[in-house]
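What follows is the residue order along each chain.
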Amino acid sequence: MLLEHIQTPTDLKKLSEDQLPQLAEEIRQFLINSLSSTGGHLASNLGVVELTIALHYLFDSPKDKFLWDVGHQAYVHKLLTGRGDQFSTLRQYKGLCGFPKMSESEHDVWETGHSSTSISGAMGMAAARDILGEKNKVVAIIGDGALTGGMALEALNHIGQEQKDMMVILNDNEMSISPNVGALHNYLGRLRTHRHYNKMKAEVEQVLKKIPTIGEPFAKTLERVKDSIKFLLVSGVLFETLGFTYLGPVDGHHMHEMMECLRQAGNTKGPVLVHVITKKGQGYKPAEEDSVNFHGVGTYKIESGAFQKKKANAPAYPAVFGETMVKLAETDEKIVAITPAMITGSKLDKFQKTYPDRCFDVGIAEQHAATFAAGLATQGLKPVLAIYSTFLQRGYDQFIHDVCRQHLNVTFAVDRAGFVGEDGETHQGVYDISFMRSQPGMVIMMPKDENELQHMLYTATQYNKGPIAVRYSKSEGEGVPMDEEFQLIPIGKSEVLREGSHVALLAFGNMVPLAVEAAEQLAKEGIQAKVVNARFAKPLDEELLLAINKREMPIVTIEEGTKIGGFGSAVLEFFAERNKEQSVSILGVPDYYVEHGSINEQRAEIGLTTEGIVQAAKKCCVPDIQKI
Ligand SMILES: Cc1ncc(C[n+]2csc(CCOP(=O)(O)OP(=O)(O)O)c2C)c(N)n1
Ligand SMILES: CC(=O)[C@@H](O)[C@H](O)COP(=O)(O)O
Ligand SMILES: [Mg+2]
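Owing to the predicted nature of the structure, the values given are computational and were not obtained by experimental measurement.

1. Some thoughts on the packing of aromatic side chains
Piece 1. Tallied over the entire structure, the rule returns 19 aromatic pairs.
Piece 2. Both rings, one in Tyr396 and one in Phe399, keep their centres 5.9 Å apart while their planes meet at 20 degrees; by these two values the pair is stacked. Of this pair, Tyr396 and Phe399 both sit in helix α18 (residues 396-404), three residues apart, which is roughly one turn of that helix.
Piece 3. Residue Phe399 is classed as buried on the basis of its relative accessible area of 0%.
Piece 4. Aromatic side chains Tyr458 and Phe486 sit 5.2 Å apart centroid to centroid with 15 degrees between the ring planes, which places their arrangement in the stacked category. Here Tyr458 is found in helix α20 (residues 450-462), whereas its partner Phe486 is found in the loop between β11 (468-471) and β12 (495-498), with 28 residues between them in sequence.
Piece 5. Residue classification places Tyr458 among the partly exposed residues on the basis of a relative accessible area of 22%.
Piece 6. The aromatic ring of Tyr355 is capped on one face by Arg358, whose charged end is 4.6 Å from the ring centroid.

Here it is as structure tokens:
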């Protein structure tokens, strides 16, 4: 066994090149075994085994900087940098992070989770190196999916101008989470299919050069002719025009070929783009055949690839979203759906199949997605942008500048709102209430359960006074029955679930069930809590708030979102603006990044639990009640 003797890249370099394919095989088996019980991003990592070995074998991390785009494919990198013994804790609370993490290793020089940032980061490191007069390589490793992210192209554009010595390794497996999309993807396809062109050209040159006297000059002429043809038809002309030396395409699973290509890249001045062709899920048949479902897996049986239990926290709400969208579109032909590369995660597959002309997967392009939605809305259509809370952050200016400011009728179906569990701090959907609330006229809803989600989606597509957001969590749902008919929810109106006179629990969205439980516990201690399903973080139910204030009841607000500028802040502002005395305790995400673990562990860490609500209510009840 070779892998067990590798704790650092120095250990790796002691191997002969001939031993590397065996090491690759051992790493593959390790990943397949380990992730069968922890889950994780299996398929992407199986695709970069040889590439990662070659990079650590040829270059000198951490002096040479490796930046893993998205970072979900950095498990092999972690294995080769001394973290193999931590893989049993992968993506678990206080365990190994599923993405690069500086606090874990000096070899993790750049933290990722959101896509398309590696090339910009690499350019920054290359520019800094040159200013500081240092000598080291800088390598961004980016997938074909991540390359559809606009900022990746911004970075390529800048690098081409600056001509820094650096490498961009394009890991092209034709897949994003789903099959990759876009014109760039089609272009890469032409390069992929013509990779045999290079081989054929080299063979012809070899033969010609053997012909005495005329052979050499003829070969050169032919070279020029062929290069111009290649340049026009199949070369990395896009990248070469941007000022990169384009190398490849190279077989990313052929260790020797890749080593040769990376050596050449390492000896090439200026920016180099190495086009590596890999297979997502390489070496594990179930993942090769279904890399979509093996992109991010829960636990599975190794022999068959059968998933043992749904991915941790299999969310209930996206399925309701997907079903509701199909129903709504049946009777409203103006409804169109947009997803930035998350068609399966957002459960828009059925909508895409049913209404292919009204479903747009724009690739990993959240900025474009938001402004594209704005464009659709200007023409009277009803775009529904299905977007994870955390990824909406990528389209924030477009949200403000193109949608809100123009008061366009765009529905934001903000999925994975709140804690997301194992993906951790880069993916927590805890800022959207705060960053959306700042926009004049914005409407922000969150359902207490799956049934209310369908009504909120219906309400949003009927609403025509500007943008509206329905956020829903990664919770496993409440399993409530679904009404047959859609109901309109009056904008800004809350729902009182339980009357009480000692304290008012204003719960937003998926926090409502916790508040109901807390009220039942409080009642056992003689404290009568009023429980309100807030439904809206904007606009607030002013009538309800004033009535609570009039009865001098303390308020506890509860939201799975940052306390800074969230729903609780809105309630505080409401009373402050009216110079009203009012006790408000805000339960929410404190001012720090909550790391990976299960959703329940994350909630427990910050006291966003039934017990946490009980304690907060007791603390703010009127003094004589506290004696109870
Ligand atoms: C800004 C942003 N949007 C969406 C995602 C979700 N996401 C994670 S991986 C992925 C696909 C990445 O495809 P690619 O870069 O080709 O990597 P592969 O998994 O094929 O190795 C997507 C869309 C993300 N991480 N960041
Ligand atoms: C790495 C990445 O950003 C995605 O794969 C993300 O992990 C998907 O999240 P869900 O599993 O919640 O769809
Ligand atoms: Mg890919």
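Continuing now.
2. Observations concerning the pairing of strand β14 (residues 529-533)
Piece 1. Along β14, five of the five residues are buried, which leaves the element largely enclosed by surrounding structure.
Piece 2. On β14, burial covers both faces: Ala529, Val531 and Asn533 on one face and Lys530 and Val532 on the other are all buried.
Piece 3. Of the pairings in the sheet, the one linking β12 to β14 comprises three bridges and is antiparallel in character. Residue pairing for β14: Glu495 is matched across the bridge by Asn533.
Piece 4. Across five bridges, strand β13 (residues 503-507) lies against β14 in parallel orientation.

3. A closer look at the UniProt feature "domain: Transketolase-like pyrimidine-binding" (unreviewed entry) in the protein
Piece 1. With numbering matched to this structure, UniProt assigns "domain: Transketolase-like pyrimidine-binding" (unreviewed entry) to residues 315-480.
Piece 2. Between the C-alpha atoms that bound residues 315-480 there is a distance of 14 Å. The span itself is 40% helix and 16% strand.

4. Considerations on the domain arrangement of the protein
Piece 1. When the domains of the protein are assigned, the result is domain 1 (25-194 + 237-289), domain 2 (196-233), domain 3 (317-471) and domain 4 (496-627).
Piece 2. Here the C-alpha centre of domain 4 lies 45 Å away from the C-alpha centre of domain 1.
Piece 3. With eight residues of domain 1 at the interface, the matching set in domain 4 holds five residues.
Piece 4. A per-residue breakdown of the area domain 1 buries against domain 4 is headed by Arg91, Tyr93 and Lys101, which together make up 72% of the total.

5. Thoughts on the site of ligand 1
Piece 1. Among the 23 residues in the neighbourhood of ligand 1, the closest are listed as Ser44, His72, Gly145, Lys280 and Glu366.
Piece 2. A distance of 2.9 Å separates a nitrogen atom of ligand 1 from a polar atom in the backbone of Ser115.
Piece 3. The contact in question runs from an oxygen atom of ligand 1 to an N or O atom on the backbone of Ala146, over 2.9 Å.
Piece 4. Look at ligand 1: alone it shows 590 Å² of surface, and the protein chains cover 97% of it.
Piece 5. Looking at the shell around ligand 1 residue by residue, the classes come out as eight nonpolar, eleven polar and four charged.

6. Remarks on the sheet that holds strand β10 (residues 443-445)
Hydrogen bonds along the backbone pair up the strands of a sheet, which may run parallel or antiparallel.
Piece 1. Strand order in the open sheet formed by seven strands is β7-β6-β8-β9-β11-β10-β15, and the pairing between neighbours is mixed. Pairing within the sheet leaves two strands with one partner each, and these edge strands are β7 (359-361) and β15 (536-538). Looking at each pair of strands side by side, their axes are set apart by 20 degrees on average, direction ignored.
Piece 2. Direction of pairing for strand β9 (residues 411-415) relative to β11: parallel, over a ladder of four bridges.

7. What to know about the pattern of salt bridges
Piece 1. Under the counting rule described, the total for this entry stands at 32 salt bridges.
Piece 2. We note a salt bridge from Arg28 to Glu50, for which the minimum N-O separation is 2.8 Å. Separated by 22 residues along the polypeptide, Arg28 in helix α2 (residues 20-38) and Glu50 in helix α4 (residues 49-58) bring together distant segments of the chain. Comparing Arg28 with Glu50, the two get one shared label, buried.

8. Let's talk about the coordination of the magnesium ion (ligand 3)
Piece 1. Every protein donor of the magnesium ion (ligand 3) is accounted for by Asp144 (OD), Asn173 (OD1) and Met175 (O), and the metal-donor separations fall at 2.0 to 2.1 Å.
Piece 2. Summarised as a motif, the one-chain spacing of the donors to the magnesium ion (ligand 3) is D-x28-N-x1-M.
Piece 3. The buried category is assigned to Asn173, whose relative accessible area is 12%.

9. Section: helix α14 (residues 317-331)
Piece 1. Spanning 15 residues, α14 covers 22 Å between terminal C-alpha atoms, matching the ideal 21 Å at 1.5 Å per step.
Piece 2. Residues of α14 that are buried make contact with β6 (335-339), α15 (349-354), β8 (382-388), β9 and α20.

10. Examining the UniProt feature "binding site: thiamine diphosphate" (unreviewed entry) in the protein
Piece 1. On the UniProt side, "binding site: thiamine diphosphate" (unreviewed entry) is annotated at positions that read His72, Gly113, His114, Ser115, Gly145, Ala146, Asn173, Tyr284 and Glu366 here. For this annotated set, covering 295 residues, the C-alpha atoms extend up to 31.8 Å from each other, a dispersed arrangement in space.
Piece 2. Residue placement: His72 occurs in the loop between β1 (65-68) and α5 (75-79).
Piece 3. Classification of His72 as buried rests on a relative accessible area of 12%.
Piece 4. Those residues within four positions of His72 in sequence are excluded, and the remaining contacts are His41, Ser44, Asn45, Gly98, Phe99 and His295.
Piece 5. Following the sequence through the fold, Gly113 ends up in the loop between α5 and α6 (118-132).
Piece 6. Given the relative accessible area of 4%, Gly113 is considered buried.

11. Focus on the environment of Arg358
Piece 1. With respect to the secondary-structure elements, Arg358 resides in the loop between α15 and β7.
Piece 2. Residue classification places Arg358 among the buried positions, given a relative accessible area of 15%.
Piece 3. Sequence-wise, Arg358 and Lys550 are 192 residues apart; in three dimensions their C-alpha atoms are separated by 49 Å.
Piece 4. Those residues within four positions of Arg358 in sequence are excluded, and the remaining contacts are Ala329, Asp332, Glu333, Lys334, Ile335, Val336, Ala337 and Phe351.
Piece 5. Within the local environment of Arg358, its side chain forms a polar contact with the backbone oxygen of Asp332, the two atoms lying 2.8 Å apart.

12. Comments concerning the packing of helix α16 (residues 366-378) against α18
Piece 1. Running from N to C, α16 and α18 cross one another at 10 degrees; their axes reach a closest spacing of 9 Å. Judged by the angle between their axes, α16 and α18 are roughly parallel. Contacts between α16 and α18 involve Gln367, Ala370, Thr371 and Ala374 from the former and Gln398, Phe399, Asp402 and Val403 from the latter.
Piece 2. Of the residues in the contact of α16 with α18, the class split is four nonpolar, three polar and one charged.

13. Overview of the state of the cysteines
The term disulfide refers to a covalent linkage connecting the sulfur atoms of a pair of cysteines.
Piece 1. Using the criterion set out here, one finds zero disulfides in the structure.
Piece 2. There is no disulfide at Cys620, and the cysteine sulfur nearest it, in Cys621, is 5.3 Å away.
Piece 3. A relative accessible area of 14% means that Cys620 is categorised as buried.

14. Considering the side chain of Ser118
Piece 1. Among the structural elements, Ser118 can be located in helix α6.
Piece 2. Of note is the side chain of Ser118, whose polar atom sits 2.6 Å from the side chain of Asp69.
Piece 3. With sequence-adjacent residues up to four places away left out, Ser118 is seen in contact with Leu67, Trp68, Asp69, Trp110, Ala140, Ile141 and Ile142.

Rules of the game
- Residues numbered from 1 in each chain as written.
- Chains lettered and ligands numbered in written order.
- Predicted model: local features only at pLDDT ≥ 70, side-chain atom pairs only at ≥ 80, totals over all residues.
- Heavy atoms only, no water.
- Phe/Tyr/Trp six-rings, centres within 6.5 Å; stacked < 30°, edge-to-face > 60°.
- Helix = DSSP H or I, 4+ residues; strand = E, 2+ residues; numbered from the N terminus.
- Buried < 20%, exposed > 50% of the residue type's maximum accessible area, 1.4 Å probe, protein only.
- Lys NZ or Arg CZ within 6 Å of the ring centre and 35° of its normal.
- Pairing = 2+ DSSP bridges.
- UniProt positions renumbered as here; feature names shortened; annotations may be inferred.
- Domains from an automatic or database assignment.
- Contact = heavy atoms within 4.5 Å.
- Buried area = accessible area lost by both parts, 1.4 Å probe.
- Near = heavy atom within 4 Å.
- Polar contact = N/O pair within 3.5 Å; in protein donor to acceptor, adjacent residues only side chain to side chain.
- Areas by Shrake-Rupley, 256 points an atom, 1.4 Å probe, with all protein chains shown as cover.
- Nonpolar A, V, L, I, M, F, W, Y, C, P; charged D, E, K, R; others polar.
- Axes fitted to C-alpha atoms, helices over the stretch in contact; angles between N-to-C directions.
- Salt bridge = Lys/Arg side-chain N within 4 Å of Asp/Glu carboxyl O.
- Donors = N, O, S within 2.8 Å, 3.2 Å for Na, K, Ca; no water.
- Expected span 1.5 Å × (residues − 1).
- Parallel < 35°, antiparallel > 145°, perpendicular 65-115°, else oblique.
- Disulfide = S-S within 2.5 Å.

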